[in-house]
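Here are the chains, one letter per residue:
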Amino acid sequence: MISVVVPVHNEERSVALLYDELRSALEPLEMQWETIFVDDGSTDGTFAALTRLHSSTDNVRVVRLRRNFGKAAALRAGFDQARGETVVTIDGDLQDDPAEIPRLLAKLEEGFDLVSGWKTRRRDPLTRRVLSRIFNRVTGAFSGVHLHDMNCGLKAYRAEVVHGLRLYGELHRFIPVLAHYRGFRIAELPVNHRPREHGRSRYGVERYLRGFLDLLTVSFIGRYRHRPLHLFGGLGLILGAFGTAILVYLTVLKILGNAIGHRPLLLLGVLLVVIGMQFFSLGLISEMITSHHEERAGERDRAELLVDEVLS
Ligand code: UDP
Ligand code: MG
């Protein structure tokens, strides 16, 4: 079964059209499929349109959020409802083309866990395209996951990938990174993209700025969550070592009879040693929190999340 998850915020004119396109794309596959629309606090007639769709079809489910929580939260609510072993996400504004879904699914079959669309000819304003390019480059450099179009709304997943995702804030932009850190195989596939015809985009430059802070969170959690001492302790040791070297050098000078009290270098040496110690203890504390946390979470969910398959 395929679950198609569609986050929508004020897309009253698009949802029914989208459903028709989904049906034309998915029916020929002769597989069971369902659509889960998540109404992310729309203030127009979106929910009414969805209610109509729900009663006139047999495979539409609708989740209505209490208010506008953002795309990440909407996706998460949709994933919670998804029953298929394959999950597809698509934007509700008709910019993504449902006709591409069969190709994404075929790619998934080749042995990937996540196939992300890549809008090669993107129908958005120029500033938008430039910013997004920078965003993808920076994210690639930070995370080691090099995709041309990290944030494409059209993606296909094996269900395991989405069920472990804890999306909030702007984290939906980094789904491939989060999946990569959990060891899933990721592929990218060029897809068709269309201009927006109804409604308007909620995009703004400040989203990218916030997105960058989220990137730091994501890379930190992905790499150091289970070994914070490697980051803080490492940094602490390096700074402390520099500071110590400076102080040793100054001590030698002092022993040889030079005055060192007026030297800025002395201040720097002391500062580096103190900061180094602070980083190191921060690392130890984080390590204690982590190990405490893992002991408790341990049996519950860690192990099964790491296992790909078991032959027995
Ligand atoms: N969306 C949402 N909650 C929001 C903003 C957007 O569910 O707070 C949905 C929106 O209805 C659309 C998808 O997320 O289906 C992508 O949004 P948008 O088109 O505004 O973003 P863009 O394509 O311009 O990046
Ligand atoms: Mg859009």
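As shown above, the structure is provided for reference.
Bear in mind that the values here come from a model prediction, so they are computed numbers and not experimental data.

A.B. asks: Mind showing me how you'd approach the site of ligand 1 here?
C.D. replies: Around ligand 1, a shell composed of 16 residues is seen, among which E11, D40, G92, D93 and S201 lie nearest. A distance of 2.7 Å is found between an oxygen atom of ligand 1 and a side-chain nitrogen or oxygen belonging to R128. The contact in question runs from an oxygen atom of ligand 1 to an N or O atom on the side chain of R196, over 2.9 Å.

A.B. asks: Mind showing me how you'd approach the coordination of the magnesium ion (ligand 2) here?
C.D. replies: On the protein side, the magnesium ion (ligand 2) has D93 (OD) and Q95 (OE1) as donor atoms, found 2.0 to 2.3 Å from it. Residue D93 shares its accessibility class with Q95, and that shared class is buried.

A.B. asks: Can you help me understand the nonpolar core in this one?
C.D. replies: Grouped together as the largest cluster of nonpolar side chains are 33 residues, with contacts concentrated most on V38, F79, V87, Y157 and L167. The set of elements that each furnish at least two residues to this core consists of β2 (33-39), α3 (71-81), α6 (159-163), α7 (175-181) and α8 (205-224). The element best represented in this core is α3, accounting for five residues. Counting residues in hydrophobic clusters, the runner-up holds 29 residues, among them V6, L104, L105 and V115.

A.B. asks: Which parts of the structure should I look at to understand helix α4 (residues 101-109)?
C.D. replies: Along an α-helix, a turn takes 3.6 residues, which lines up residues three or four apart on a common side. Along α4, the residues classified as buried are I101, L104, L105 and L108. In a view along the axis of α4, the buried residues occupy a sector of 100 degrees, so they form one face of it. Looking at the packing, one finds that the buried side of α4 touches β1 (2-8), α1 (15-26), β4 (86-89), β5 (114-119), β6 (155-158) and β7 (186-191). Remark: G111 follows α4 within two positions and exhibits a positive phi of approximately 115 degrees.

A.B. asks: I'm lost on α8 in this one. Help?
C.D. replies: Given a rise of 1.5 Å per residue, 20 residues ought to cover 28 Å, and the 29 Å separating the end C-alpha atoms of α8 matches this to within 8%. Within α8 the residues assigned to the buried category are Y208, G211, D214, L215, V218 and S219. The buried residues of α8 occupy an angular sector of 145 degrees when projected down its axis, which confines them to one face. Across α8 from its buried face, at more than 90 degrees, point the exposed residues L209 and L213.

A.B. asks: What am I meant to see in the side chain of T139 here?
C.D. replies: Looking at the secondary structure, you find T139 in helix α5 (residues 126-143). At 2.6 Å, the side chain of T139 and the backbone oxygen of F135 are in polar contact. Not counting residues up to four positions away in its chain, the partners in contact with T139 are G144, M150, F174, V177 and L215.

Parameters at a glance
- Residue numbering note: each chain is counted from 1, following its sequence as written.
- Key to labels: chains lettered from A, ligands numbered from 1, both in the order written.
- Only residues with pLDDT of 70 or above have their local features reported here, since the model is predicted, and side-chain atom pairs are shown and tallied only from 80 upward, although totals for entire chains, interfaces and linings are computed over all residues.
- Neither water nor hydrogens contribute to the side-chain values; these are computed over all heavy atoms in the structure.
- A molecule or strand has a residue near it when one of that residue's heavy atoms lies within 4 Å.
- A 3.5 Å cut-off defines polar contacts: any pair of N or O atoms within that distance qualifies, except that in protein one atom must be a possible hydrogen donor and the other a possible acceptor, and neighbouring residues in sequence count only when both atoms are side-chain atoms.
- Coordinating donors are taken to be N, O and S atoms lying within 2.8 Å of the metal, or within 3.2 Å when the metal is Na, K or Ca; because water is excluded from the atom set, some sites may appear incomplete.
- With a 1.4 Å probe rolled over the protein chains alone, any residue whose accessible area is under 20% of its type maximum counts as buried; one over 50% counts as exposed, and the rest are partly exposed.
- Buried residues of nine kinds, namely Ala, Val, Leu, Ile, Met, Phe, Trp, Tyr and Cys, make up a nonpolar core once their side-chain atoms join them within 4.5 Å.
- Helix and strand labels come from DSSP, where a helix needs a run of H or I of at least four residues and a strand needs a run of E of at least two; each type is numbered from the N terminus.
- This arc corresponds to the set of directions leading from the helix axis out to the C-beta atoms.
- Here, two residues are considered to be in contact whenever any of their heavy atoms come within 4.5 Å of each other.
- Helix span, expected: 1.5 Å multiplied by one less than the number of residues in the helix.

Keep in mind that these numbers describe shape and distance, not what the molecule does.
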